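Here's the letter readout for the chains.
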Amino acid sequence: MGVKQKTTSLKRKGSDLSQGYVQLNVLNGKDVADAQLPRFSEKVAAQGHRPFKPTEIEIFQLNIGKLCNQTCAHCHVDAGPDRKEENMKREDLELCLQVIAATPSIRTVDITGGAPEMNPHFRWFVEECTKLGKQVIDRCNLTIIMANPKYRDLPEFLAKHRVQVVSSLPYFSKSRTDGQRGDGVFEDSIKALKLLNGVGYGDPETGLKLDLVFNPSGAYLPGKQETLQAEFKRQLKRKYDIVFNELYAITNLPVSRFLDYLLETGNYGEYMQKLVDAYNPATVEGLMCRNTISVSWDGYLYDCDFNQMLDLKVAAKGQHLSEFDAGALRNRNIVLNQHCYGCTAGAGSSCGGEVVG
């Protein structure tokens with residue numbers, strides 16, 4: 001039926017919050033008088049991580065562009081149909097392949113966006129990564145499959161290359177999903193999930209992994225991942241005969257559109273305090289920034305996707321793909337800031353869901 005956009009990008013609105021340094025001013029209490037909170041870096045240092053260091057680079061996460069067919073209310077990327085210029089070029093993708101091939105510790109290539117499939121080089125890049133023997137993840141918003149007939153064969157393409165599909169689905173009901181992502185999203189998402197199931201995704205016997213992502217629609221932490229997964233599986237199977245493998249419960253980080261939402265609704269201070277109060281020391285060892293390198297659409301390197309959106313580049317000699325130095329990156333200090341509380345609250349949060357059980 002097509003998607004009616006929920007909002008417009010901060011960049012299109014001309015919002016100051018489209019700039020990373022403005023967001024950092026808010027997070028560090030410079031623009032919000034009552035936002036003075038304990039320094040996250042000190043919390044981690046108290047556990048013996050001074051400085052905070054990575055392990056091996058196992059996951060190469062690539063934001064292939066901010067172009068998207070949706071403009072979701074809480075998108076930390078500020079993606080949307082208007083972000084046409086921020087799409088990775090072929091030459092930078094070729095640099096990515098050189099880095100992936102030359103770094104044996106990289107086992108997984110995690111492709112995100114925007115809607116990554118809208119990058120004109122997406123399919124070629126997936127094929128080249130699989131030729132290198134890497135596990136590829138496509139972070140698919142589902143509705144892209146229904147957005148245009150040229151994407152309708154994506155399930156077959158992804159299955160052919162045994163790509164793991166990680167799909168956002170805010171809830172198993174129309175009202176909550178459309179409320180966060182726009183009218184028509186739930187209906188198109190269900191159609192897309194049925195197409196993915198139709199080629200074997202979600203069936204344990206095929207090995208084609210289909211995972212869903214849940215994030216809260218408001219200023220609260222997600223419930224227990226195991227409980228949410230059981231309920232999603234029961235409801236989607238009962239109502240729509242849809243199956244999937246795992247559900248990832250991810251905390252909304254106070255970045256970009258979600259930060260804008262918190263400020264607009266007056267929930268910023270309370271939400272940040274909630275994250276601080278829920279700090280869990282047990283999550284620190286397993287944080288995704290320790291074994292992941294994040295690459296932006298223009299080839300710059302970051303410790304994670306959230307640092308990327310705040311323009312907090314890696315603290316290493318080479319900050320661009322063209323200067324990629326695996327040794328220097330292994331020895332870098334991970335860049336921390338106040339938004340990192342979101343990854344350590346409760347059971348923790350990463351691109352793979354909870355950090356600790």
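Reading guide: rules and limits
Residues numbered from 1 in each chain as written. Predicted model: local features only at pLDDT ≥ 70, side-chain atom pairs only at ≥ 80, totals over all residues. Heavy atoms only, no water. Phe/Tyr/Trp six-rings, centres within 6.5 Å; stacked < 30°, edge-to-face > 60°. Helix = DSSP H or I, 4+ residues; strand = E, 2+ residues; numbered from the N terminus. Buried < 20%, exposed > 50% of the residue type's maximum accessible area, 1.4 Å probe, protein only. Contact = heavy atoms within 4.5 Å. Pairing = 2+ DSSP bridges. Axes fitted to C-alpha atoms, helices over the stretch in contact; angles between N-to-C directions. Salt bridge = Lys/Arg side-chain N within 4 Å of Asp/Glu carboxyl O. Expected span 1.5 Å × (residues − 1). Arc of directions from axis to C-beta.

K.L.:
Whenever I open this one, the packing of aromatic side chains confuses me. Can you help?
P.N.:
The full count for this structure, using the stated rule, is 12 aromatic pairs. Where F40 meets Y341, the ring centres are 5.1 Å apart and the plane angle is 85°; that geometry is what we call edge-to-face. In this pair, F40 sits in helix α3 (residues 40–45) while Y341 sits in helix α15 (residues 341–344), placing the two residues 301 residues apart along the sequence. As far as the burial class goes, F40 and Y341 line up, both buried. Look at Y279 and Y341: their rings are 6.2 Å apart centre to centre, the planes differ by 80°, and that puts the pair in the edge-to-face class.

K.L.:
Explain the side chain of N291 to me, please; I cannot follow it from the model alone.
P.N.:
Residue placement: N291 occurs in the loop between α12 (268–277) and β9 (292–295). Residue classification places N291 among the buried residues on the basis of a relative accessible area of 18%.

K.L.:
Help me out: how do you make sense of the side chain of T103 in this one?
P.N.:
Relative to the assigned elements, T103 resides in the loop between α4 (90–102) and β3 (108–112). The exposure class assigned to T103 is buried, which follows from its relative accessible area of 5%. Not counting the four nearest positions on each side in its chain, T103 is found in contact with K134, F324 and A326.

K.L.:
Help me understand the sheet that holds strand β2 (residues 59–63), please; the structure alone is not making it clear to me.
P.N.:
In a beta sheet, neighbouring strands are held together by backbone hydrogen bonds and run either parallel or antiparallel to one another. Taken in spatial order, the eight strands make up an open sheet running β8-β7-β5-β4-β3-β2-β9-β10, and their pairing is mixed. In this open sheet, the two edge strands, each paired with only one partner strand, are β8 (247–249) and β10 (301–302). Bridging between strand β7 (residues 210–214) and β8 involves three bridges; their strand directions are parallel. Bridged to F214 within β8 is A249. Against the sheet, α4 touches β2 and β3, its axis set at about 175° to β2.

K.L.:
Explanation requested: the pattern of salt bridges in the structure shown.
P.N.:
Working definition: two side chains of opposite charge can pair if their charged atoms are close together. Inspection of every chain in the model, using the stated rule, returns 20 salt bridges. The residue E86 makes a salt bridge to R83 at a minimum N-O spacing of 2.7 Å. Residues E86 and R83 agree in their burial class; the two are buried. For E187, the salt bridge identified is with K191, shortest N-O distance 3.4 Å. Of the two residues, E187 and K191 both sit in helix α9 (residues 185–198), four residues apart, roughly one turn of that helix. With relative accessibility at 32%, the residue E187 sits in the partly exposed group. Looking at K191, the relative accessible area reads 34%, which means it is partly exposed. Linked by salt bridges that have partners in common, K11, D78, R83, E86 and R257 make up one network.

K.L.:
Can you walk me through α4 in this structure?
P.N.:
Think of an α-helix as 3.6 residues a turn; residues three or four steps apart then line up on the same face. The end-to-end C-alpha separation of α4 is 18 Å, in line with the 18 Å expected for 13 residues at 1.5 Å each. Turning to α4, its buried residues are D92, L93, C96, L97, V99 and I100. Take α4 and look down its axis: the buried residues cluster within an arc of 165°, on one side only. Facing away from the buried side of α4 by more than 90 degrees, the exposed set consists of Q98, A101 and A102. The secondary structure elements touched by the buried residues of α4 are β2, β3 and α5 (122–131).

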